[in-house]
Amino acid sequence: MNDSGSAGRHGADGPDPRGLQTVAYVVATVLGGIGALVVATVELLSPEAGTFDVLLWSALAVLLLAAAARRWWFGASGEDRSRRVASELGAAEVAEAVQASSGEVDAVRRLRVAHPGLGLRDAVELVRRHGGDDRSVEGQSSGNV
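These numbers come from a predicted model, not from an experiment.

Definitions and cut-offs
- Residues numbered from 1 in each chain as written.
- Predicted model: local features only at pLDDT ≥ 70, side-chain atom pairs only at ≥ 80, totals over all residues.
- Heavy atoms only, no water.
- Helix = DSSP H or I, 4+ residues; strand = E, 2+ residues; numbered from the N terminus.
- Buried < 20%, exposed > 50% of the residue type's maximum accessible area, 1.4 Å probe, protein only.
- Contact = heavy atoms within 4.5 Å.
- Axes fitted to C-alpha atoms, helices over the stretch in contact; angles between N-to-C directions.
- Parallel < 35°, antiparallel > 145°, perpendicular 65-115°, else oblique.
- Left-handed = near helix turned anticlockwise from the far one by under 90°.
- Nonpolar A, V, L, I, M, F, W, Y, C, P; charged D, E, K, R; others polar.
- Polar contact = N/O pair within 3.5 Å; in protein donor to acceptor, adjacent residues only side chain to side chain.
- Salt bridge = Lys/Arg side-chain N within 4 Å of Asp/Glu carboxyl O.

Peer 1: What am I meant to see in the environment of alanine 107 here?
Peer 2: As for its position among the elements, alanine 107 is in helix α5 (residues 104-114). A residue is classified by how much of its surface remains accessible, and alanine 107, at 1% relative accessible area, is buried. The sequence separation of alanine 107 and alanine 97 amounts to 10 residues, and the corresponding C-alpha distance is 5.4 Å. Not counting residues within four places of it along the chain, the set of residues in contact with alanine 107 comprises Ala97, Val98, Ser101 and Val127.

Written out as structure tokens, the structure reads:
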């Protein structure tokens, strides 16, 4: 069972499993980084190697490997934070943002401004889940009453 979060970012249950998309991205990026390292090494050992070519391929390798490492270790931290913020929001806060807004887009903007860390997807889901009450958007006719 997950405690109050005292066991680190992922709680007492251990780390979240990485999805297939994350694993595929990391594998492809690492392979690209290794390929760039191989090309940089071949360029370096070549008799007509240019300094610019070696530096370019080396920089590409470093960037690709760094991108893979970042995605592997920090890839879902923003989504986790957004889901946590969304789960802490009460229906009253969402209702207040929807009532004070002029439409769905404005309600999403108000929620995200009021609650930093709330992602766009989670804010839209909250607003749409709360939708369906008797509010009508200005500029639309309410002829189906």
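Peer 1: Would you mind going over the packing of helix α1 (residues 20-45) against helix α2 (residues 51-74) with me for this structure?
Peer 2: Relative orientation and spacing of two packed helices are given, respectively, by the angle between their axes and the distance between those axes. Where α1 meets α2, the axes come as close as 8 Å, and the angle between the chain directions of the two elements is 160°. Classed by the angle they form, the pair α1 and α2 counts as roughly antiparallel. Where α1 crosses over α2, the two elements pack in a sense that is left-handed. Grouping the amino acids of the contact of α1 with α2 by side-chain chemistry returns 18 nonpolar, six polar and three charged.

Peer 1: What should I look at first to understand the side chain of serine 101 in this one?
Peer 2: Along the chain, the position of serine 101 falls in the loop between α4 (91-99) and α5. At a separation of 2.8 Å, a polar atom in the side chain of serine 101 contacts the main-chain carbonyl oxygen of valine 98. From its side chain, serine 101 meets the backbone oxygen of glycine 103 in a polar contact 3.2 Å long.

Peer 1: Even after reading the chapter, I still don't get the pattern of salt bridges, so can you show me in this structure?
Peer 2: A side chain with one charge may pair with a side chain of the opposite charge, provided their charged atoms come close. Counted by the stated rule, this structure contains three salt bridges. As a salt-bridge pair, glutamate 104 and arginine 128 come within 3.2 Å of each other at their nearest N and O atoms. Here glutamate 104 is found in helix α5, whereas its partner arginine 128 is found in helix α6 (residues 120-130), with 24 residues between them in sequence. Note that aspartate 106 is salt-bridged to arginine 109, the shortest N-O span being 2.8 Å. Of this pair, aspartate 106 and arginine 109 both sit in helix α5, three residues apart, which is roughly one turn of that helix.

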